[in-house]
Amino acid sequence: MITPLQSAPLRYSPSPVWRPLWGYGALLMLVCFLALARLSTGPWYQTYNPLGSSLLEGWPVAWEVEYYLDLIPAFLGDSPPAHGMGLVHTRTFPHLYLTSVIYAWTGSAFWSFVTVDLGMWFLGGVATYHAVRRLDAPATTAALAAALVVSSPILISNMWRHDLHAANFSTMPIGLWAALTLVDEVRERVSLAASLGFLLFLLSVGYQYQWVLAPVIGVLLALQPRFRWVERAAIFAGAMLLYVCGETLMRTLLDLSGFGVDRYAEVVQKPVQLALQRFLSVRSLADLQQTLPGVALVIETFHAYHPLVYGVALIGLVFSSWRVRLMALAASAAALFSVTLYPAPWTAMSAFPLIYLGAATTCVATGRAVVRGAQQLVQSLGLH
Amino acid sequence: MAVSVSRSTVVDDLTTQAKRALPFVLVGLLATQLRLAFASEPEVSRALASGLRWALASWIAVTSWSVLRELLVPRGQIAANAAAEVSVARVIVTQSMARERVLRTLAAGALLIAAALLRAPSRLAVNVLGFGLLAVPLCWVIQRRAGWPVAVRAATIVTVVAFFPTHLDGSVAPKRHGAVPENPFMWSVTWPSLDWRLRHTIPLAEPWPARPARISVLGASQYAGPAAVLATVNTQEVGALQDWGNGYLGIEIPAAVARGQRTFVIELRVSQVDPGLRILAQRWTGGAAARGSASAFFDGDRWRTGTFNDVLDRSQPGIHLISVSAS
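Rules of the game
- Residues numbered from 1 in each chain as written.
- Chains lettered and ligands numbered in written order.
- Predicted model: local features only at pLDDT ≥ 70, side-chain atom pairs only at ≥ 80, totals over all residues.
- Helix = DSSP H or I, 4+ residues; strand = E, 2+ residues; numbered from the N terminus.
- Rg over C-alpha atoms; globule rule 2.2 N^0.38 Å.
- Buried ≥ 20, exposed ≤ 12 C-beta atoms within 10 Å, placed from the backbone.
- Contact = placed C-beta atoms within 7 Å.
- Domains from an automatic or database assignment.
- Axes fitted to C-alpha atoms, helices over the stretch in contact; angles between N-to-C directions.
- Parallel < 35°, antiparallel > 145°, perpendicular 65-115°, else oblique.
- Nonpolar A, V, L, I, M, F, W, Y, C, P; charged D, E, K, R; others polar.
- Pairing = 2+ DSSP bridges.
- Core = buried A, V, L, I, M, F, W, Y, C linked by C-beta atoms within 7 Å.
- Expected span 1.5 Å × (residues − 1).

1. Side note on the overall build of chain A
In terms of helices and strands, chain A carries 20 helices and two strands. Taking 2.2 N^0.38 as the reference for a compact globule, 384 residues should give roughly 21 Å; the C-alpha atoms of chain A span a radius of gyration of 23 Å, in line with that estimate. Taking the principal axes of the C-alpha coordinates as reference, chain A spans close to 75 × 65 × 60 Å. Evaluated residue by residue, chain A yields a buried proportion of 45% over its 384 residues. Within chain A, contacts between residues separated by at least 24 positions form 75% of all contacts whose residues are at least 6 apart in sequence.

The structure is reproduced here in structure tokens:
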């Protein structure tokens, strides 16, 4: 028999259901506006690659969509696999699965890609908002950071390409929010290690942000006072071990299911493999210097965000909490190291949710200072 | 403790469920009827499949909306609502039971997908894996915000969404295709007369170094006819474009011609008129250094900016897909 611990002291009151909808609605509208603007004008941040231009169901797509179109029958067809799955596929596995399922329902490959890309782009913004709120920032800063993330070149420039990059890149803020939530809320050590391990595995199949978020998780655990240092280290090690096991199991399952050989196997190289190759080739101090990120890569990172945005972000991060500063430092270090292995603007921007948090902090602080200054001016002039 | 359920309770429960399902069944029947009435080749089996799809889709839409509504209620409000109606202990028991139901639903979903796809083991493996990778995080996120009872609904939605396609056999991959005359994004152009010219201007950020330049033109399709495309670069004849494969036509400009140039003005004409010889054009101009004014055509009378769609017999703003790269 269940004994009531508490009778009903509170009266039910209609909840403000529609209030949060305005914020999410505004974010969704911003995403759709940016997407449609880009569809109308074409690429904003890249020169066109003629080979990349083609049509899918009458709509423009990038050449890279070919990787994924080939794999749709793997999810929907009964025939034995005609193509294997390389890292280029496994790093977007859930998105590709969802795209295939939506294609089965709607019959339109193009709009299935659009749905997944747009949906994940929007969720990336929502996740940024909630991650920033978890970092004790005011709602205005969180909203601005979310707006900056959804309007960032890393997301916009990949919309309508349909190589699922918009969906991939949004896994960084989603993963950041999930890591913050797990470290803050999961009390039991084993559960926390298991959850973080599963999160890292999910990030590895959502893109490859597990390597950027792993040091961030390390920082979060290090700053978590409810565990002893040995426990923190054990949780981190356990999470990494689980991630490696998950990835190995998935690869084995795919190999056993006939998805082993892939004609696009070399399109995307494994980050660990690249890092090992680089370190094993070190023979002298000069080699080591070349392996480590130099000033040129820092400048490249500045340009990837835009020097003004990055400068504003740095100011904001300096005035943020220690937790935010250390997280941004860890993510930026991981991003910088990634650029040494794979020099591309989107790799340089791997720490983007935290960088945009810094930019939003500066903007909000500046806005408040301006308003305060204006109010003081009005008061000193005796105006009402 | 043995629980006895009276017959009338079961009947009431079934009646309630049937009433809830009725609107979706009606949507399905309507879709079936419309398909039979308007399809060019009406088939009962296809019409029924369409009806089932619409019935399920409408159920998914309505249930998703109810989940979304629950997600938008702040957590404190849920706790207050729950406390107002039932005791905290009851809430805990309800949550615990709902959590088990989520796990059972997901397990049932995985089993259903596996059973349906036993005929194709590789498809089975990737579908069960994909289902797990989608459903587990989704249910975790939803239960955090709205509680396990709402996550049960989400788990059911994901199961239905993932299970439905298992009866299909989509072994043919969707294909990309080239230009379509009436497409607003990409079309192809040709040379309707011998004096017709296509021009593409590429301004350079700095003078071209002392090395050859490769001019690439993206053809609309593989061409094996008698006509050739003749090129001039900055008014200097450079010869006929070669077939470079992968749909490309191109020519290498000697270093002596290219060196020091700040702009490449490429003009193309044909040795004989052949509507089968076509190159691609697109509406997006952002990738061209000279943007919207990069491409032009000479119609025998005067130069006009943009491209000419001969199939639709009109000029269209856009660019020819012509680029220059270092050899």
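2. Some thoughts on the overall build of chain B
Regarding its fold elements, chain B presents seven helices and 15 strands. In terms of overall dimensions, chain B is more spread out than a globule: its C-alpha atoms have a radius of gyration of 32 Å, far above the 20 Å expected for 327 residues. In terms of its C-alpha atoms, chain B occupies a principal-axis envelope of roughly 95 × 50 × 40 Å. Within chain B, buried positions represent 32% of all 327 residues.

3. Re the domain arrangement of chain B
Structurally, chain B comprises domain 1 (14-167) and domain 2 (186-326). One C-alpha centre belongs to domain 1 of chain B, the other to domain 2 of chain B; they are set 54 Å apart.

4. Things to note about the packing of helix H10 (residues 171-185) of chain A against helix H11 (residues 189-206) of chain A
All names here are of chain A. Interhelical geometry of H10 versus H11 gives an angle of 180° and a closest axis separation of 10 Å. What the angle tells us is that H10 and H11 run roughly antiparallel. Every residue of H11 that contacts H10 at Thr171, Gly175, Ala178, Ala179 and Leu182 is listed here: Leu192, Ser195, Leu196, Leu199, Leu203 and Gly206. Residues belonging to the contact of H10 with H11 are distributed by class as follows: seven nonpolar, four polar and no charged.

5. Here's the deal with the sheet that holds strand E6 (residues 242-245) of chain B
Residue and element names in this part refer to chain B. Reading across the sheet, the four strands line up as E6-E7-E3-E15 and stay open at both edges, with antiparallel pairing between neighbours. Here the strands that pair on one side only, and so sit at the sheet edges, are E6 and strand E15 (322-326). Each strand axis lies, on average, 35° off the axis of its neighbour in the sheet, ignoring direction. Pairing between strand E3 (residues 213-218) and strand E7 (residues 248-253): six bridges, direction antiparallel. By the bridge assignment, Leu218 is partnered in E7 with Tyr248.

6. With respect to the nonpolar core
Membership of the largest hydrophobic core comes to 142 residues, with the highest contact counts inside it found for A:Ala145, A:Ala179, A:Val216, A:Ile217 and A:Tyr356. With 13 residues, helix H6 (residues 109-134) of chain A is the largest single contributor of residues to this core. In contact with A:Ile217, other than residues within four places in its own chain, are A:Ala179, A:Leu196, A:Phe236 and A:Ala239. Counting 38 residues, the second-largest nonpolar core is a separate cluster that includes B:Ala179, B:Met186, B:Leu198 and B:Trp208.

7. A short note on the sheet that holds strand E9 (residues 279-282) of chain B
Residues and elements named next belong to chain B. An order of E1-E9-E14 is seen for the three strands of this open sheet, with the pairing classed as antiparallel. Of all the strands in the sheet, the pair left with one neighbour each is strand E1 (186-189) and strand E14 (319-320). The pairing of E1 with E9 spans four bridges and is antiparallel. Counterpart to Met186 in the pairing with E9 is Gln282.

8. Overview of the packing of helix H16 (residues 295-305) of chain A against helix H17 (residues 307-318) of chain A
The relative placement of two packed helices comes down to the angle between their axes together with the axis-to-axis distance. Residue and element names in this part refer to chain A. Between H16 and H17, the shortest axis-to-axis distance is 5 Å and the interhelical angle comes to 100°. Put simply, H16 runs roughly perpendicular to H17. Of H17, the residues touching H16 (which contributes Phe302, His303 and Tyr305) are Pro307, Val309 and Tyr310. Its residues placed into classes, the contact of H16 with H17 shows five nonpolar, one polar and no charged.

9. Some words on the domain arrangement of chain A
Residue and element names in this part refer to chain A. When the domains of chain A are assigned, the result is domain 1 (54-169), domain 2 (172-256) and domain 3 (274-384). Taking only C-alpha atoms into account, the centre of domain 1 sits 23 Å from that of domain 2. Contacts between the two partners involve 15 residues from domain 1 and, on the opposite side, 15 residues from domain 2. Broken down by secondary-structure element, the contributors of at least two residues to the side of domain 1 that touches domain 2 are helix H5 (93-106), H6 and helix H9 (165-169). Tallying contributions element by element places H6 first for the side of domain 1 that touches domain 2, with seven residues. When grouped by side-chain class, the residues that make up the side of domain 1 that touches domain 2 number eight nonpolar, five polar and two charged.

10. Considering helix H7 (residues 139-150) of chain A
All names here are of chain A. Compared with an ideal rise of 1.5 Å per residue, which puts twelve residues at 16 Å, H7 spans 17 Å between its outermost C-alpha atoms and is within 8% of the ideal. Extensive coverage of H7 is indicated by the burial of nine of its twelve residues. Of all the residues in H7, the buried ones are Thr141, Ala142, Ala143, Leu144, Ala145, Ala146, Leu148, Val149 and Val150.

11. Quick look at H5(A)
Residues and elements named next belong to chain A. The first and last C-alpha atoms of H5 sit 20 Å apart over 14 residues, in line with the 20 Å expected at 1.5 Å per residue. For H5, a buried count of twelve out of 14 residues is recorded, marking the element as mostly surrounded by other parts of the structure. Looking at H5, one finds that the buried residues are Phe93, Pro94, His95, Leu96, Tyr97, Leu98, Thr99, Ser100, Val101, Ile102, Tyr103 and Ala104.

12. Quick word on the pairing of strand E2 (residues 197-203) of chain B
Two faces make up the sheet, and in a regular strand the side chains alternate between them. Residue and element names in this part refer to chain B. Inspection of the sheet shows E2 paired to strand E10 (residues 295-298) by four bridges, in the antiparallel sense. Counted as the bridge partner of Leu198 is Phe297 from E10. With six bridges connecting them, E2 and strand E8 (residues 263-270) associate as antiparallel partners. Directly across from Leu198, in E8, lies its bridge partner Leu268.

13. Considerations on the pairing of strand E4 (residues 229-233) of chain B
All names here are of chain B. Here E4 shows a clear split, with Val229, Ala231 and Val233 buried on one side and none of Leu230 and Thr232 buried on the other. Judged from the five bridges that link them, E4 and E8 form a sheet pairing that is antiparallel. Bridged to Ala231 within E8 is Leu268. Inspection of the sheet shows E4 paired to strand E5 (residues 236-240) by four bridges, in the antiparallel sense. What sits directly across from Ala231, in E5, is Gly239. Taking the residues between adjacent antiparallel strands as the criterion, E4 and E5 are bridged by two residues, where Asn234 takes a positive phi near 50°.

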